[in-house]
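Remarks on the overall topology
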Amino acid sequence: MLPKADLLKGVENREEMAQILDRAERAIKTWEVITTDFLSPAILAECETVFKGLTEVHLVAWGGYPQAERKRLGIAREEVPLEPENVEIAVLEIAGNFLFDTATHRDFLGSMLGTGIVREKTGDAIVLGERGAQVIVVPELVEFLEMNLTQVRSVPVKTQAIDIGELKVREPKRQEMTTVEASMRLDAIASAGFRVSRSKMVQMIETKDVRVNWKEVTQASHTVKPGDLIAIRGKGRLEVKDVAMTKKERYRVQMVRWV
């Protein structure tokens, strides 16, 4: 048995982590590969910390492509081979003409959840502009969504399974940049890194579009520090690297952005 009480000390997502540890115990007992539902980046990061010291089991996370945000975990005894291929996923294409009624990531996700499914059964959604989107789900949802997901916003859509090799994922580009700011406030650093106005960034923070280390932050005055990862859906990710003080006591911040 795993020392769950000790492992859960200081964990923020206790309920979700307790369920994952239950699955780990099943993997130990059955010698099978046990999979979770799709997990958020915050929970995936906690899993890495919690399982780091365990020698009985090992993990693999897979969400359909290497830079996927939401992934399923495969859990197995240390002696059992474990590869991404052991974590089953399916890909759906949601095709329609969105030329005159543009749909966002939230629109596609909202239409999927509107069929009665829960968020944990869905992975990433890749919006393809006027052509629709591709979404990653657990395999058992494929037939249900093919039958029930027929409209997004005002647009009729056809939902059908496609091969994972048809995923239209673009490799993120890496950009290094430096900014000099009066403070390490989130709105200041993020507006410089994502190249949007300070007022627009404040608005995105207040509407819960900005995450720091995969956690929602709604205070523009939140202080960021070296090593922090700032993510905005649709705009990529920004990592705060080195920070140094200038002679005028301002912050020179080196950052890396992936878009």
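Note that the coordinates shown come from a computational prediction; the quantities given were computed from them, not determined experimentally.

On to helix H2 (residues 14-30). Under the 1.5 Å per step criterion, the end-to-end length of H2 is 24 Å for 17 residues, consistent within 8% with the ideal 24 Å. Turning to H2, its buried residues number three or more, namely Met 17, Ile 20, Leu 21, Ala 24, Glu 25, Ala 27 and Ile 28. The buried residues of H2 occupy an angular sector of 155° when the element is viewed end-on, so they sit on one face. Seen from the buried face of H2, the exposed residues on the opposite side, beyond 90 degrees, are Glu 15 and Lys 29. Next to the buried residues of H2 lie helix H1 (4-7), strand S1 (34-39), helix H3 (41-51), strand S2 (57-62) and strand S3 (71-77). Immediately beyond the C-terminal end of H2, within one or two residues, lies Trp 31, with a positive phi of roughly 60°.

With that settled, the discussion passes to the packing of helix H6 (residues 186-194) against helix H7 (residues 198-206). In helix packing, the relevant descriptors are the interaxial angle and the interaxial distance, both defined with respect to the helix axes. Running from N to C, H6 and H7 point in directions that differ by 115°, and their axes come no closer than 9 Å. Compared by their axis directions, H6 and H7 come out roughly perpendicular. Of the two elements, H6 crosses H7, and the hand of that crossing is right-handed. Facing Leu 186, Asp 187, Ala 188, Ala 190, Ser 191 and Phe 194 of H6, the residues of H7 in contact are Arg 198, Met 201, Val 202 and Ile 205.

Read from one edge to the other, the open sheet built from six strands follows the order S10-S15-S14-S13-S11-S12, with strand pairing classed as antiparallel. Taken across any chain shown, the strands that pair with only one partner, and hence form the sheet edges, are strand S10 (174-181) and strand S12 (215-216). One ladder, built from four bridges, connects strand S13 (residues 229-232) with strand S14 (residues 236-245); its direction is antiparallel. Bridged to Ala 231 within S14 is Arg 237. Those strands touched by H6 are S10, strand S11 (210-212), S13, S14 and strand S15 (251-258), and its axis lies near 115° from that of S14.

With that out of the way, let us pick up the UniProt feature "domain: RNA-binding S4" (unreviewed entry) in the protein chain. Residues annotated in UniProt with the feature "domain: RNA-binding S4" (unreviewed entry) correspond here to residues 184-244. Spanning residues 184-244, this segment combines 30% helix with 30% strand, and its end C-alpha atoms are found 11 Å apart.

Turning our attention to the pattern of salt bridges. Enumeration over the complete set of coordinates arrives at 16 salt bridges. One salt bridge in this structure joins Arg 185 and Asp 187, with 3.0 Å as the shortest N-O distance. One connected set of salt bridges, linked through shared partners, spans Lys 4, Asp 22 and Glu 25.

Remark: H2 packs on H3, axes separated minimally by 11 Å, with the N-to-C direction vectors making an angle of 55°. Classed by the angle they form, the pair H2 and H3 counts as oblique. The two elements H2 and H3 cross, and the hand of that crossing is right-handed. Seen from H2, the contacting residues are Glu 16, Met 17, Ile 20, Leu 21 and Ala 24; seen from H3, they are Ile 43, Glu 46, Cys 47, Val 50 and Phe 51. Looking at side-chain class alone, the contact of H2 with H3 contains eight nonpolar, no polar and two charged residues.

If you trace the backbone, Gly 129 turns up in the loop between strand S5 (122-127) and strand S6 (132-137). What makes Gly 129 partly exposed here is its relative accessible area of 36%.

Attention shifts here to unusual backbone geometry. A positive phi angle, near 60°, is found at Trp 31, a position not held by glycine. By relative accessible area, Trp 31 is classed as partly exposed at 47%. You will see that Arg 195, though not glycine, has its phi angle at about 60°, which is positive. Relative to the elements of secondary structure, Arg 195 occurs in the loop between H6 and H7. Residue Arg 195 is classed as exposed on the basis of its relative accessible area of 59%.

Okay, the sheet that holds strand S4 (residues 90-95) next. An order of S5-S6-S4-S9 is seen for the four strands of this open sheet, with the pairing classed as antiparallel. Both edges of this open sheet fall to S5 and strand S9 (158-162), since each of them pairs with a single strand only. Within this sheet the neighbouring strands show an average axis-to-axis angle of 25°, counted without direction. Pairing geometry for S5 and S6, over four bridges, is antiparallel. Residue pairing for S6: Ala 125 is matched across the bridge by Val 135.

What counts, and where the lines are drawn
Residues numbered from 1 in each chain as written. Predicted model: local features only at pLDDT ≥ 70, side-chain atom pairs only at ≥ 80, totals over all residues. Heavy atoms only, no water. Helix = DSSP H or I, 4+ residues; strand = E, 2+ residues; numbered from the N terminus. Expected span 1.5 Å × (residues − 1). Buried < 20%, exposed > 50% of the residue type's maximum accessible area, 1.4 Å probe, protein only. Arc of directions from axis to C-beta. Contact = heavy atoms within 4.5 Å. Axes fitted to C-alpha atoms, helices over the stretch in contact; angles between N-to-C directions. Parallel < 35°, antiparallel > 145°, perpendicular 65-115°, else oblique. Left-handed = near helix turned anticlockwise from the far one by under 90°. Pairing = 2+ DSSP bridges. UniProt positions renumbered as here; feature names shortened; annotations may be inferred. Salt bridge = Lys/Arg side-chain N within 4 Å of Asp/Glu carboxyl O. Nonpolar A, V, L, I, M, F, W, Y, C, P; charged D, E, K, R; others polar.

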